[in-house]
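The residues making up each chain are set out below.
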Amino acid sequence: MKWKISNLTRKLVGASTLAVGLLLTQNAAAAPMYDASRWTNRLTFFTSYLTAGTHTIQTDTRPYGGADTVLHVLDTSLHQVAMNDDYIPWLATGRHDSYLSFTAPTTGSYRILVRAYNSQGEARTNVIVDGATLVTNQPFGSYSVAAQWNAGDEFRAATASYGGSNDLLGFALDGAGNVIAGDDDSGPNFYSFLTLPSAGSGKLLRAGYPGQNYFGSTATLQAPPNAGNDSDGDGLTNSLESVIGTSMLNADSDTDAIPDGMEILGNNGWSFSEGGNGSVPNVWIELDYMNNANVAPPYADLDHDKAMIFQQDGKVISHIVLDDQLPYSKFIGLGGCAGRTDCVSFETTKDSYFSTYNPERKPFFHYAVFGDAYGLYNATTDSIHLVNSSGIASGQDVLVTLGKTTGASATWQAQLGTLIHEFGHDLGLSHNENGNDGPLGPNSLNAHRSVMNYRFQLSGVPTPWGSSTFRHTYSFGTADCDSCLTSPKLTCVNARNNGTCADAPSCDCDVAEWDSLNFAFGNAGLGANAGQPGAAPVDPQDAVRRNQDARGAGKRKSDVARWIGPVPMRSKEARKRAFEAFLATSGRAGEYVLSEDGQELWTREGTHEGK
């Protein structure tokens, strides 16, 4: 019997299984292949101790309705010793069970493998060795694809279903169905990784180790990557990237700050191939929470609801990993607690609980905490200022503190809206200068339609505008500009009160937030030890720079001006709007001037600042 103990503790809310595709790149004699969306079944695969000499082994699927089996005997290195498809002593029955009479060359352990003849759903069998039934009702299935390969090519399989690491087996079969190479755990995280010993053709098979459930997996076949065939150095050859749809010149094709190779091939510990996709941005949040009369724990569908909004509205794959329930403290101190016994510092919490079992994911995960309330520490006076706020966020960190505002009665809408609002700050979004002042007037048709606008944080945005249906989404930037005379924006309210609306006829413009999300959070975070240990690695050619304006540091809700440098946005119009928003909200409009096409910022002295 084989036992594996993983140190990965995955506590999930609303986890779903995602089937993704088989990715195959063959040698120069064959066109690259892509085969999409296949489930991974289990194999019957176990160890039997045999003495040197003749033995018989057979399958029996009759108790389970009958099925077509292929039986292999392998040594402990997974080299084939014997194989049979359909031969049994009683051929007249029409059964497709397998039967072997073979000679074991030495005394020792052998691996017995039963697979399906063709790719098929799971069936079940008994296995009889020397007349004794060793295993009963064992599932077997597999998925295989015809392929060609060169000597030295690498066949790898990785889990794609998010919900925990799954153990994979991989085998290469020649044209007659013989196993010519096999592997169990040579890849990261119990994934299979085998190097083809010689050029040939046949089938590449992958399946789950016994005891696994159904799950999705990916598989790749490529030449060993090197500087000559992997232009961006992400571990995927150029020919394989052309099949997958990722860029061969950009190690992070979807600009989500997670390298393509990591999202396709996986890695040790936490594997980003689970639920990842090298062509679509992925965002990951570890969520810890307190549970008390003042604090409601995350509601059950929080992950699902956030993921649906991000997928449908932003074409972004969102993941929440619900992790630890934290000891309750009334306050979470940012920078310290000034000796208060009813306070725990954010730094202490993060150091003690953030990905302690999976440190390899820290540079790529955001860290969120659901707590009661927070306070800002003042080192000069050694005191803490308690803040009546629903949350705060910066860099990779998010605090949702609904205890002071809604307490344990917090609705699911308040939880969802506040998490998405604060997470928006981590993604580079501001409030677009919208405060809580002033109601929406009947003529305010162009208000900033975003959960980043305080007015819509808890309730959601009316969708469609003016309806009674609400959605916690970011803005699409389709509302154009609102008049100074009707806008509820604080700047516009002040302009009206001062009688200066004539100077700002359209002072409230919508922002295309979904088109300008920034996934690289760097070191900036909450507290003195913010963002440790290390920033998300960002390819220099796609560097994303977001430096907070020092004058805005520490403001409530992290409503600080952000410098937007070379951001890989999805449209020129989105880039122009982002620069305009920076100039409008930073208080630095006198320092910079926007280029005529809206694609560059220049200092007033003429120094080029961003492109």
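Below, the structure is looked at part by part. (Residues numbered from 1 in each chain as written. Predicted model: local features only at pLDDT ≥ 70, side-chain atom pairs only at ≥ 80, totals over all residues. Heavy atoms only, no water.)

Moving on, we come to the pairing of strand S5 (residues 53-60). As paired elements, S5 and strand S8 (residues 99-104) share 6 bridges and run antiparallel to each other. The partner of Thr 54 across the bridge, within S8, is Thr 103. By the bridge criterion, 4 bridges tie S5 to strand S10 (residues 120-129) in an arrangement that is antiparallel. What sits directly across from Ile 57, in S10, is Val 129. (Pairing = 2+ DSSP bridges. Helix = DSSP H or I, 4+ residues; strand = E, 2+ residues; numbered from the N terminus.)

Moving on, we come to the packing of aromatic side chains. All told, the structure shown has 15 aromatic pairs when counted by the stated rule. For the ring pair Trp 270 and Trp 284, a centre distance of 5.6 Å and an interplane angle of 85° mean the geometry is edge-to-face. With Trp 270 in the loop between helix H2 (260-265) and strand S18 (282-289) and Trp 284 in strand S18, this residue pair connects regions lying 14 residues apart in the sequence. The burial state of Trp 270 is the same as that of Trp 284; both residues are buried. Aromatic pair Phe 272 and Phe 365: ring centres 6.0 Å apart, planes at 65°, arrangement edge-to-face. Of the two residues, Phe 272 sits in the loop between H2 and S18 while Phe 365 sits in the loop between helix H4 (346-353) and strand S22 (366-371), which places them 93 residues apart along the sequence. Take Phe 272: its relative accessible area is 1%, and that puts it in the buried class. Taking the relative accessible area as the measure of exposure, Phe 365 reaches 0% and is therefore buried. Members of the aromatic cluster, connected to one another through ring pairs, are Trp 270, Phe 272, Trp 284, Phe 364 and Phe 365. Here the guanidinium or amino end of Arg 156 rests over the ring plane of Phe 193, the centre of that ring lying 4.2 Å away. (Phe/Tyr/Trp six-rings, centres within 6.5 Å; stacked < 30°, edge-to-face > 60°. Buried < 20%, exposed > 50% of the residue type's maximum accessible area, 1.4 Å probe, protein only. Lys NZ or Arg CZ within 6 Å of the ring centre and 35° of its normal.)

Turning to its location among the elements, Asp 60 is positioned in strand S5. Setting aside chain neighbours within four positions, we find Asp 60 in contact with Arg 95, Asp 97, Thr 125, Asn 126 and Ile 128. (Contact = heavy atoms within 4.5 Å.)

Time to look at the pairing of strand S12 (residues 154-159). Buried residues dominate S12, accounting for 6 of its 6 residues. Residues Glu 154, Arg 156 and Ala 158 of S12 are buried on one face, and the alternating residues Phe 155, Ala 157 and Thr 159, pointing to the opposite face, are buried as well. Direction of pairing for S12 relative to strand S17 (residues 215-222): antiparallel, over a ladder of 6 bridges. Looking at S17, one finds that Glu 154 is bridged to Gln 222.

Across the sheet, which stays open at both edges, the 4 strands sit in the order S21-S20-S23-S24 with mixed pairing between neighbours. Unpaired on one side and paired on the other, strand S21 (343-345) and strand S24 (383-387) mark the two borders of the sheet. Averaged over all pairs of adjacent strands, the angle between their axes in this sheet comes to 35°, without regard to strand direction. Across 4 bridges, strand S20 (residues 331-334) lies against strand S23 (residues 373-378) in parallel orientation. Along S23, the bridge assignment pairs Phe 331 with Ala 373. Along the sheet, H4 makes contact with S20 and S21, crossing S21 at roughly 65°. (Axes fitted to C-alpha atoms, helices over the stretch in contact; angles between N-to-C directions.)

This paragraph deals with the nonpolar core. In this structure, Leu 302, Phe 310, Leu 419, Phe 423, Leu 427, Tyr 474 and Leu 517 are the most contacted members of the largest nonpolar core, which totals 31 residues. Of all elements in the fold, only S18, helix H3 (302-314), strand S19 (317-325), S22, strand S26 (397-401) and helix H5 (412-426) reach the threshold of two or more residues within this core. In this structure, Leu 419 is in contact with Leu 302, Lys 306, Ile 320, Ala 368, Phe 370, Val 398 and Val 400, ignoring residues within four places of it in sequence. Residues Met 262, Trp 270, Val 321 and Leu 526 belong to the second largest nonpolar core, which totals 23 residues. (Core = buried A, V, L, I, M, F, W, Y, C linked by side-chain atoms within 4.5 Å.)

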